[in-house]
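Now for the letters of each chain:
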Amino acid sequence: MSSFNECLVLIPSSTLEDFPSDASASDARELLAAWTVLWHPSLVAATGQNPTWYRADSPPEPQTGRLFAVPTLSRPRLPEGFELKCHGIDGCVWLSGNNRSEMLASLDLDPLPPLVKDGRTLGIEDFFAFGYLFLQVQIMTRRLRYTSNLDEIYVQKRIVAAANAFLAQDAELAIDSLHEAFDALAEERDHYFSTDPSLVDLTLLTPGTVANLELPPTSETASHSVGVLPTPRNVLMDAEVLAFLSQQETSSPLLEAVRAKQLGFATGGPPAEVCFDTLSFRDCEQSLLSAQNAASALGIRPMVYGRLSGSTPSDLTRVLVSLGYRGMIPIDFTGGSGFGDESKVIRREAGAELEALTARPIDANNDAAFLALAPRLGEMIDSGEIATGLLAHWPGESCDSYLDLRRIASWSLALGKFWMLDAYFTEGEHPYHHSSGKAQCSEAADRLTARIAAQQTDPLSRVVAGTQSSILAHRDQVLRGVLSIASGKPIPVDATVSDLAKHLGVCTTSNGSRETPSSAVLVLNPWSAAQRHVVSLRSTAYADEHVFSHAIEKGRDVVSLDIPACGFAIARTAASMANAKLNVGDQSSGAKATGWLQSVFRGKSKRIADGMLLQNEFMEATIDVKSGGIQGVYSGSTRGNRLSMRLVCGDQETSIRCDKVFVSQCTPSVGIIQSSGAIISLDGTPLANFTLTYALARGGRLIRVDGEVTPLVPQGPDPWKNYIATRVAFSEDTGTTRAILRDKLHRTSSRRIVAPLGLVIEEAERQTLIASSGLAFHRRVQDRFIDTLVMVAGESVHRFSLQYGFDVSQPLEIAKSVIAPPVVLPIESDSKISPRGWLLHVAPKDTSLIDVATRLRNDGRLAARVRLVRTRSTGGTTTIRFCRNLRWVTTLLPEDGNMHKATGESDQIWNQDDTDETTTANKKLGLSFDADTVKVPLSGHQILDLLVVLE
């Protein structure tokens, strides 16, 4: 080794205050290597002093015994001919290289074995780590405080003593001296920042990278000797990793390390293909529960929620709390989203709170992220947040600066303390700043692009099928629960339709069908919004008060019934009423037909479909003979056209050739107009053929659009530019767009929107519903247009259906009923039951009933778990009234981290009794009940479970 009397590094800046912080990965690696390599104990001992730095544009004169470390970033700043001058002087060494290892190899230093003393292993890497800490503390204090109080002479004495002791193989002296040097830097940092930053080392795993994970030695998390600080690591295991581990024939070393608490971990995220924006709240809850059960089956109890791919919407915080999580990492690591302005916040949403680690991830495999790590942490402390460095990397991938940071943390807390994830949330500093997060998944729109890139078939209709299946199952479950409350007996999950009717005291018959209607039908409405539904009877209907209109069509009576929210209605023929000798009363006291409706019964009404016009009591819609779309809709008190619709092909300018528009059906109950034609490019090339059918029912606020589109040319690979869609235009460009997601209405300003149930456009004095029936992908074009995608590449289903609703008061329930309408059952005509009734009533209209489950308690009473949701962001008091009196009511809050309490799956929960504790909890929440009515305040978008015990 050459003899040196001074080691120096030429930096590409004027001072340490403007030390580079945005260099590329390779430049950063060279720059930090050039700085830290000079702290090699052999060089420190030989020079008897700390390495020094100089500006690259004004370096000292080359001379014998000087070692110049010059990174690539500094070369352009050097004086002309400076490098040649250095090479021309004997004993003047020019040091460069791509990394620290290359620089060390070029120095040809004698190898130095590590020293071990009281659990501490001391190597040359600890000196490099000290050099990195020295740089970071100097940058932090100067950049954030413009000064430094560091006693550099004392530090120099200690580091030189440590280097000499290391060369002499005196482990005790070397460790003590180096400790004193680290302590001096920690004191310097404490002079300005008394709070220790937190560091979280998180290794991201996939099934293919598990084998590359280097497990920590047992001693790393065991009790350490005095002065050796632990530097624990954590892993992120998503559903795919858990499934991979469960298939191992023998116990995985990874699982053994997790169970032994040698590794911290985050888990609980569903598979990557799961997009929460395409699921209902109940399906999201089940997906998260299944993921947690998969972890529990492997013998690990997850305390921290995390997901590798895909974001987690903020309104699922309540579910995570009920699952027992103590913290969450809401970051989509593959998508690069989910982090926030602060490192650690309280995620508050829908009445639940959970601490969340939202720090922007630091790439532990990139030295550029470590150039200004200390100033970044210092800025966090200055701003009042909980400073946290989240170091994310794949197994086996890291950089020298990351390893330096881990070694620093074993000596000192100057740059922070490493935490296990569970301890970080339970024992670490707790935040006081709140964040509501985002209600929409940031990657949801990109999922469509990814599916098409992967050549998956039917990317649109798969979501449609899943949505419709979920809503139908949801309807049946709510219907079973509501009827159980009415009858006082729990209804089995496998109950048939006939069993449902029996719980209302009526008998079904198999005589009725669409072709041969029955003389009486029972219509069950499980939704918490009143419905107007059309049924058919064998002959003339009895004009009951809930019969909005009826008319004879092809030998049968088509009846429009008004069904109460969470209720039922019966339609009977007038003959069946007389034959059954029921008290029919004076039929004139039934539905009062006045004005427009009088002319309906007299056969003098305006035709619902007349030429190009669809009209009823609430609207007029004109079909355009040129485009085959909707030219205009006129509805409500505000004058002017409020909606137009036509087919488009993405951003491509096209024209429409409408070959035919005609009235295909016009009866007193419904009008249908059909159009057909082709979409033509500007050069005259046919792009697609189409058929559109528009239907408007008597007394309805929705226009149904059924379409069939047959592409004649392949669609491009980008589904957000190359698609066929229905484009609607609104009269105002200031309307608010709300997406119907997870049983709530969320305001959105995104250009690409994923909402399977549709959108609500709120204008000044009106609102319009786009009930998309599972067509989940929508695109905002300019300010007044919204496209609903109906055909993209890989889609084989050419038919679609959606509805446009005008001024519907409860858009969430209406959007569901479009997919799952009320259940119609033919019944015996002599059934002695009230012709109409409600079973459960929820007010106001911004509150929705989304789930009801019942169970018979041990004391013989029937209990019901009722789930309410505030569909909008404004809060208020909710009233829920039952058809039977209540014994007592309590809330099932998720604060205790018991999912079974929130879902009511535990026998102990169902059989609990009224106690002082529940009374106090009810008063704290503001819940009260009297006879058959419960009142409880709900905040915006809050979901609340009530346990109701019936008399």
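Residues numbered from 1 in each chain as written. Predicted model: local features only at pLDDT ≥ 70, side-chain atom pairs only at ≥ 80, totals over all residues. Heavy atoms only, no water.

K.L.:
Account for the overall build of the protein chain, with residues named and values stated.
P.N.:
Scanning the protein chain from terminus to terminus reveals 24 helices and 50 strands. In terms of overall dimensions, the protein chain has C-alpha extents of about 120 × 75 × 50 Å along its principal axes. For the protein chain, the proportion of its 951 residues judged to be buried stands at 57%. Across the protein chain, every contact between residues at least 6 apart in sequence was considered, and the portion connecting residues at least 24 apart equals 73%. Summing over all exposed atoms, the protein chain offers an accessible surface of approximately 37700 Å²; the carbon and sulfur share of this is 47%. Averaging the positions of the 91 positive and the 109 negative side-chain charges in the protein chain gives two centres separated by 11 Å. (Helix = DSSP H or I, 4+ residues; strand = E, 2+ residues; numbered from the N terminus. Buried < 20%, exposed > 50% of the residue type's maximum accessible area, 1.4 Å probe, protein only. Contact = heavy atoms within 4.5 Å. Areas by Shrake-Rupley, 256 points an atom, 1.4 Å probe, with all protein chains shown as cover. Lys, Arg positive; Asp, Glu negative; His and termini not counted. Charge placed at Lys NZ, Arg CZ, Asp CG, Glu CD.)

K.L.:
Describe the sheet that holds strand S4 (residues 93-95), with residues and values.
P.N.:
On the basis of which strands lie adjacent, the open sheet formed by four strands has the order S2-S1-S3-S4 and parallel pairing. Strand pairing shows two members of the sheet lacking a second neighbour, strand S2 (52-55) and S4, which therefore form its edges. With strand direction ignored, the average angle separating the axes of adjacent strands in the sheet is 30 degrees. Relative to strand S3 (residues 66-69), strand S1 (residues 6-11) is paired through four bridges, and the arrangement is parallel. Looking at S3, one finds that valine 9 is bridged to alanine 69. (Pairing = 2+ DSSP bridges. Axes fitted to C-alpha atoms, helices over the stretch in contact; angles between N-to-C directions.)

K.L.:
Can you explain a negative patch on the surface? Please cite residues and give values.
P.N.:
A surface patch of negative charge is lined by Asp118, Asp170, Glu172 and Asp176. Here aspartate 118 lies in the loop between strand S5 (115-117) and strand S6 (120-122). A relative accessible area of 56% places aspartate 118 in the exposed class. (Patch = residues over 30% accessible without salt bridge, like charges linked within 9 Å, V, L, I, M, F, W, Y side chains within 5 Å. Salt bridge = Lys/Arg side-chain N within 4 Å of Asp/Glu carboxyl O.)

K.L.:
Account for the sheet that holds strand S43 (residues 840-843), naming residues and giving values.
P.N.:
Overall, antiparallel pairing links the four strands, which are arranged S43-S46-S49-S48 in an open sheet. The two strands at the open ends of the sheet, each matched to only one other strand, are S43 and strand S48 (928-930). Put simply, the sheet's adjacent strands are angled 15 degrees from each other on average, direction ignored.

K.L.:
Give a detailed account of the packing of aromatic side chains, specifying residues and quantitative values.
P.N.:
With the rule as written, the count across this model stands at 12 aromatic pairs. The interplanar angle of 70 degrees and the centroid separation of 5.5 Å between the aromatic rings of tryptophan 39 and phenylalanine 130 together place this pair among those described as edge-to-face. Highlighted residues: tryptophan 39 in the loop between helix H1 (25-36) and helix H2 (41-47) and phenylalanine 130 in helix H5 (residues 124-145), separated in sequence by 91 residues. Classification of phenylalanine 130 as buried rests on a relative accessible area of 0%. Between phenylalanine 82 and tryptophan 94, the ring centres sit 6.3 Å apart and the planes meet at 55 degrees, which makes this aromatic pair tilted. Remark: tryptophan 94 occurs in strand S4 and phenylalanine 82 occurs in helix H3 (residues 82-87); sequence separation between them is 12 residues. The class for phenylalanine 82 is buried, based on a relative accessible area of 7%. Three or more aromatic residues link up through ring pairs in this structure, and these residues are Trp39, Phe130, Phe134, Phe182 and Trp411. The ring centre of phenylalanine 548 lies 3.8 Å from the NZ or CZ of arginine 532, which sits over that ring. Its guanidinium or amino end placed over the ring of phenylalanine 785, arginine 727 lies 6.0 Å from that ring's centre, counting from NZ or CZ. (Phe/Tyr/Trp six-rings, centres within 6.5 Å; stacked < 30°, edge-to-face > 60°. Lys NZ or Arg CZ within 6 Å of the ring centre and 35° of its normal.)

K.L.:
Just give me the short version of unusual backbone geometry, but keep the residues and values in it.
P.N.:
Alanine 843 connects to proline 844 through a cis peptide bond whose omega is 0 degrees. Turning to its location among the elements, proline 844 is positioned in the loop between S43 and strand S44 (847-856). The phi angle at lysine 261 is positive, at roughly 60 degrees, despite the residue not being glycine. When you line up the elements, lysine 261 lands in the loop between helix H10 (253-259) and strand S9 (264-268). One non-glycine residue, glutamine 782, lies in positive phi territory at about 55 degrees. Looking at where glutamine 782 falls in the secondary structure, it is placed in the loop between strand S38 (777-781) and strand S39 (785-791). Relative accessible area serves as the criterion here: at 55%, glutamine 782 is assigned to the exposed category.

K.L.:
Summarise the nonpolar core; cite the residues concerned and give the values.
P.N.:
Counting residues in hydrophobic clusters, the biggest one holds 82 residues, and the most contacted among them are Leu38, Leu67, Leu122, Phe130, Leu178 and Phe370. No other element matches H5, which puts 13 residues into this core. Not counting residues up to four positions away in its chain, the partners in contact with leucine 67 are Phe4, Glu6, Cys7, Leu8, Leu38, Leu43, Val93, Leu95 and Leu107. Ile608, Cys649, Tyr694 and Met791 belong to the second-largest nonpolar core, a separate cluster that totals 45 residues. (Core = buried A, V, L, I, M, F, W, Y, C linked by side-chain atoms within 4.5 Å.)

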